[in-house]
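# Geometric and topological summary
Single-letter residue listing:
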Amino acid sequence: MRGLWFLATLGLAAAEDGLNAWLRYARLPNQIARQAIVPSAIIALNTTESSPVYTAGQELQKGINGILGKQLDVSHEVKECASVVIGTVASFNESGIAIETPELEEDGFWLSVKGDNVEIVGQNERGALYGAFEYLSMLAQANFTEVAYATNPSAAIRWINQWDNMDGTIERGYAGLSIFFKNNTVLSNVTRVEQYARLLASIRVNGIVINNVNANAILLSDANMAGLARIADAMRPWGIKVGISLNFASPQTFGGLSTFDPLDESVIAWWNNIADKLYAQVPDLAGFLVKANSEGQPGPITYNRTLSDGANLFARAAKPHGGVVMFRAFVYDYQTLNEANWKDDRANAAVDFFRELDGKFDDNVIVQVKYGPIDFQVREPVSPLFAHLKETASAIELQITQEYLGQQCHLVYLPPLWKTILDFDMRVDGEKSVIGTDILSGKRFNKKGLTGYAAVVNVGQNATWLGTHLSMSNLYAYGRIAWDPTVNEVEILEDWTRLTFGLDDTVRETITRMSMESWPAYENYTGNLGIQTLTDITGPHYGPNPQSMDNNPWGQWTRADAFSIGMDRTVYNGTGYAGQYPDEVAAMYEEIETTPDDLLLWFHHVPYTHVLKSGKTVIQHFYDAHYAGAETAATFPTQWSKLRNLVDKQRFDETMFRLTYQAGHSIVWRDSINQFYNSLSNIADDHDRVNKHPWRIEAENMTLKNYRVTAVTPFEVASNLRVVQTIGNSTAASASATINYPNGVYDLAVAYYDLYEGKASYELFLNEKSIGKWIGDNEDKLGFTLTRGIDGHSATRITFKGIQIKKGDVVRVDAKANGRETAPLDYIAVLPPGVVD
Ligand code: GCU
């Protein structure tokens with residue numbers, strides 16, 4: 001009962017909407033709080049209100065009050081009393097307080113807790129603020145140990161990239177509209193911006209690019225530059241510098257010049273003038289982010305100039321002001337890729353474009369490289385470009401936005417995926433070259449101070465920031481990992497869970513277990529063995545659609561035919577991509593025998609009957625993995641249900657909805673992928689499960705009233721290839737069937753399709769008794785619009801648990817169409833306990 005009692009002390013009547021994320025400063029239970037030795041005052045060694053040290057003083061006051069219920073005064077000059085003193089090395093020295101800090105690096109800090117004396121010393125103001133958050137994190141987790149240590153960042157660049165559009169939408173946004181923009185202007189209310197900056201500062205993020213890489217030049221208008229200054233002012237007290245994405249063609253499209261040639265004098269002058277104006281508004285602007293010559297964006301290649309000519313144009317404009325240019329390596333031409341050519345490969349593009357340019361970039365250019373060579377897939381090998389940028393600073397681009405990873409509707413804890421990249425030893429020139437600790441730290445190629453991390457984030461106006469509470473662990477973990485890529489991903493999770501949900505052991509163990517199971521499960525039910533996330537490449541990148549990957553120029557091919565699958569990327573017979581790695585790594589990926597199973601189909605084209613190192617064939621691995629993944633996802637709602645009285649009601653219910661949805665959608669994935677490859681290869685599942693659904697009553701086999709039977713596209717997203725849709729959309733329809741299973745207690749799951757242009761209504765009956773009613777409103781509950789079609793995005797299910805059923809009972813769904821939503825039904829599953837079908 002400890003948990004219940006604990007919640008009572010927190011006053012859980014107050015709804016927790018997630019806005020404070022991991023910075024809730026929830027009051028510790030009295031008997032724990034009593035053990036804390038609390039200083040009696042806070043001394044912040046800066047009086048300027050916009051300074052991070054001042055902010056830190058206020059934050060310490062708020063945090064200690066929240067966590068321990070003690071109201072401390074904040075003062076700004078040294079007094080003789082037991083206190084928390086916070087400041088920079090310089091301000092400690094000026095105040096005459098002797099400190100024994102070791103040499104600190106930029107943004108680093110020293111934290112010393114001895115009895116009721118606490119010293120927080122930053123190398124700079126930002127570092128001091130980080131130290132304050134560290135101390136508060138200890139208190140919030142009831143860690144009252146004495147400590148004295150220094151910590152420094154692994155890398156200087158720890159940025160966020162927002163993909164916010166000027167009209168207020170967010171590219172790949174799943175959590176509401178932008179907190180920065182609306183109607184082509186910067187929002188005047190910066191409250192959410194300040195709150196966001198506070199969260200980011202607490203995880204030691206030091207820069208943010210606020211607009212989409214597919215950039216709109218309207219941000220450069222005078223009014224918007226003033227708005228940018230507003231945002232920078234809101235973020236500066238939190239030690240966060242603001243940067244912006246630029247559109248390469250702006251001199252022409254926005255400035256009215258006849259050209260945007262990067263070597264043209266008028267273009268150079270135009271950009272210099274823009275930079276001067278921007279820096280006049282925001283003197284500490286971090287710099288620029290540029291996507292050029294990619295996916296239809298303009299760039300220097302239009303004028304036969306090199307990408308480095310393009311990058312240097314901005315670098316020179318930013319240089320006098322101390323700014324940097326993050327130049328994206330995500331450059332490829334989707335119009336010329338041709339799958340008929342066995343050697344064509346989008347994965348080759350980045351190295352092909354950038355290898356020759358190493359050494360040609362100005363020294364304030366950082367090439368920003370997505371972690372893998374394609375595009376944030378469920379599994380990719382590390383981008384080989386990191387091995388080629390020896391004279392150029394590089395940063396890795398991660399994606400907290402779960403674009404190909406369940407779009408925040410599926411729980412997927414990302415650090416285990418990131419670790420496969422960050423811990424990878426690239427063996428450049430035969431020497432240790434681990435991505436995180438050697439390359440991104442700047443040590444390997446002597447670029448310290450100019451390397452690091454950027455992460456794409458899609459926070460929106462939603463109170464939970466990311467649309468769902470559990471996804472916030474990814475944002476939290478990102479900051480921790482960018483600071484120290486060797487940090488253990490379970491430890492991060494445990495800290496985050498305690499800070500977000502309190503100290504209860506069951507809560508921590510459950511969330512940690514589910515989160516650690518989540519990426520392997522997602523990989524299992526989406527795309528295995530390095531084949532990528534088998535989603536809709538030309539659509540929203542969400543539900544299953546394996547055939548959409550091929551026969552188009554996007555280059556995310558699987559090359560699946562009736563006998564074989566995978567991309568041959570060998571030098572010997574394929575696209576040559578494997579040869580882009582340094583020798584030892586190239587040799588490993590060149591041979592099937594030495595390529596790890598989980599990347600086999602990334603590097604090799606093999607028959608479905610190829611036997612893996614595990615002893616299974618490729619096709620049997622597909623089948624088994626999909627069953628295993630969906631089975632794991634099915635445990636998530638069950639695991640979460642144990643926290644009913646241990647987590648506040650609002651966050652419990654909201655999370656329960658998403659996990660239940662995920663369990664259903666993972667079955668959609670499982671069945672679609674298995675059905676698709678089974679039909680393509682014509683190879684049976686050894687365990688005879690594929691296309692066999694002993695516990696389902698297919699809608700097309702029911703007695704139908706005002707419903708008609710139809711096929712769907714893609715075919716594999718309907719159980720038994722058929723669904724029913726209402727005839728017209730005004731009359732009531734129904735589908736009924738007699739249950740032929742033995743008497744017992746079952747769960748009833750109804751599989752249907754939830755489109756966004758309409759809200760059909762449904763009611764489930766057992767022998768005329770209503771079991772439950774619902775409407776097709778996932779677009780509201782999930783918070784974003786998935787699709788207008790009956791497909792793998794809209795396929796969903798609702799489950800009613802613990803229903804007493806007798807053989808011969810009649811189950812019936814009554815439905816009413818609405819708008820385009822023709823109340824499409826796929827099947828009703830009658831599930832004995834523990835069965836996932
Ligand atoms: C992906 C994503 C796009 C984005 C692009 C990029 O392709 O789907 O929305 O613009 O990456 O990173 O530039």
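Residues numbered from 1 in each chain as written. Predicted model: local features only at pLDDT ≥ 70, side-chain atom pairs only at ≥ 80, totals over all residues. Heavy atoms only, no water.

### Some points on the domain arrangement of the protein chain
Domain annotation for the protein chain reports domain 1 (2–151), domain 2 (157–501) and domain 3 (696–831). Just the C-alpha atoms count here: the centres of domain 2 and domain 3 sit 43 Å apart. (Domains from an automatic or database assignment.)

### Brief notes about the nonpolar core
Judged by nonpolar contacts, the single largest core of 213 residues is most densely connected at Trp 22, Tyr 196, Phe 288 and Trp 640. Ranked by residue count, the leading element in this core is helix H5 (residues 125–140), at 10 residues. Both domains that meet at this core, namely domain 1 (2–151) and domain 2 (157–501), each give it at least three residues. In this structure Phe 288 touches Ile 244, Leu 246, Ala 275, Leu 278, Tyr 279, Phe 314, Ala 318, Val 324, Val 325 and Met 326, once residues within four positions along its chain are discounted. (Core = buried A, V, L, I, M, F, W, Y, C linked by side-chain atoms within 4.5 Å. Buried < 20%, exposed > 50% of the residue type's maximum accessible area, 1.4 Å probe, protein only. Helix = DSSP H or I, 4+ residues; strand = E, 2+ residues; numbered from the N terminus. Contact = heavy atoms within 4.5 Å.)

### Side note on the site of the ligand
Taken together, 13 residues lie around the ligand, and Glu 171, Lys 291, Arg 328, Lys 370 and Glu 403 are the ones closest in. Glu 171 is positioned with one of its side-chain polar atoms (N or O) 2.3 Å from an oxygen atom of the ligand. In the environment of the ligand, an oxygen atom lies 2.8 Å from a nitrogen or oxygen atom belonging to the side chain of Asp 375. Calculation on the ligand without its partners gives an accessible area of 310 Å², and the protein chains cover 96% of this total. Here the shell around the ligand is composed, by residue class, of 3 nonpolar, 2 polar and 8 charged. (Near = heavy atom within 4 Å. Polar contact = N/O pair within 3.5 Å; in protein donor to acceptor, adjacent residues only side chain to side chain. Areas by Shrake-Rupley, 256 points an atom, 1.4 Å probe, with all protein chains shown as cover. Nonpolar A, V, L, I, M, F, W, Y, C, P; charged D, E, K, R; others polar.)

### Describing the pattern of salt bridges
Tallied over the entire structure, the rule returns 50 salt bridges. With its nearest N and O atoms 2.9 Å apart, the salt bridge here joins Glu 59 to Arg 198. Taken together, the residues Glu 59 in helix H3 (residues 52–68) and Arg 198 in helix H6 (residues 191–202) connect sequence positions 139 residues apart. The same class applies to Glu 59 as to Arg 198, namely buried. Across the salt bridge formed by Asp 107 and Arg 158, the nearest N and O atoms sit 2.8 Å from each other. Within this pair, whereas Asp 107 is found in the loop between helix H4 (89–95) and strand E4 (109–114), its partner Arg 158 is found in strand E7 (residues 157–162), the two being separated by 51 residues in sequence. (Salt bridge = Lys/Arg side-chain N within 4 Å of Asp/Glu carboxyl O.)

### Concerning the sheet that holds strand E2 (residues 73–75)
Strand order in the open sheet formed by 6 strands is E2-E1-E3-E5-E4-E6, and the pairing between neighbours is mixed. Edge positions in the sheet fall to E2 and strand E6 (147–151), since each has one partner strand and no second. For this sheet the average axis-to-axis angle between neighbouring strands, irrespective of direction, equals 10°. Note: strand E1 (residues 41–44) against strand E3 (residues 83–88), 4 bridges, orientation parallel. Bridged to Ala 44 within E3 is Ile 86. Along the sheet face, H3 touches E1, E2, E3 and strand E5 (117–122) and points at about 155° away from the line of E3. Sitting on the sheet, H5 touches E3, E4, E5 and E6, and the angle it makes with E4 is about 40°. (Pairing = 2+ DSSP bridges. Axes fitted to C-alpha atoms, helices over the stretch in contact; angles between N-to-C directions.)

### Some remarks on unusual backbone geometry
Negative phi is the rule for most residues except glycine; trans is the rule for most peptide bonds. Put simply, Thr 713 and Pro 714 share a cis peptide bond, and its omega is -5°. Locating Pro 714 in the fold gives a position in the loop between strand E21 (707–710) and strand E22 (723–726). Here the phi dihedral of Leu 721 falls at roughly 70°; this positive angle occurs in a residue that is not glycine. The class for Leu 721 is partly exposed, based on a relative accessible area of 35%. Phi angles above zero are rare outside glycine, and Glu 768 is one such case at about 70°.

### Considering the environment of Thr 392
Note that Thr 392 resides in the loop between strand E14 (365–370) and strand E15 (393–399). Classification of Thr 392 by relative accessible area gives buried; the value is 3%. In this structure, the C-alpha to C-alpha distance between Thr 392 and Phe 361, residues 31 residues apart in sequence, is 6.7 Å. When sequence neighbours within four positions are dropped, the list of residues in contact with Thr 392 reads Asp 358, Gly 359, Phe 361, Val 367 and Lys 447. Side chain to side chain, Thr 392 and Asp 358 meet in a polar contact 2.6 Å long. Only 3.4 Å separates the side chain of Thr 392 from the backbone nitrogen of Gly 359, close enough to count as a polar contact.

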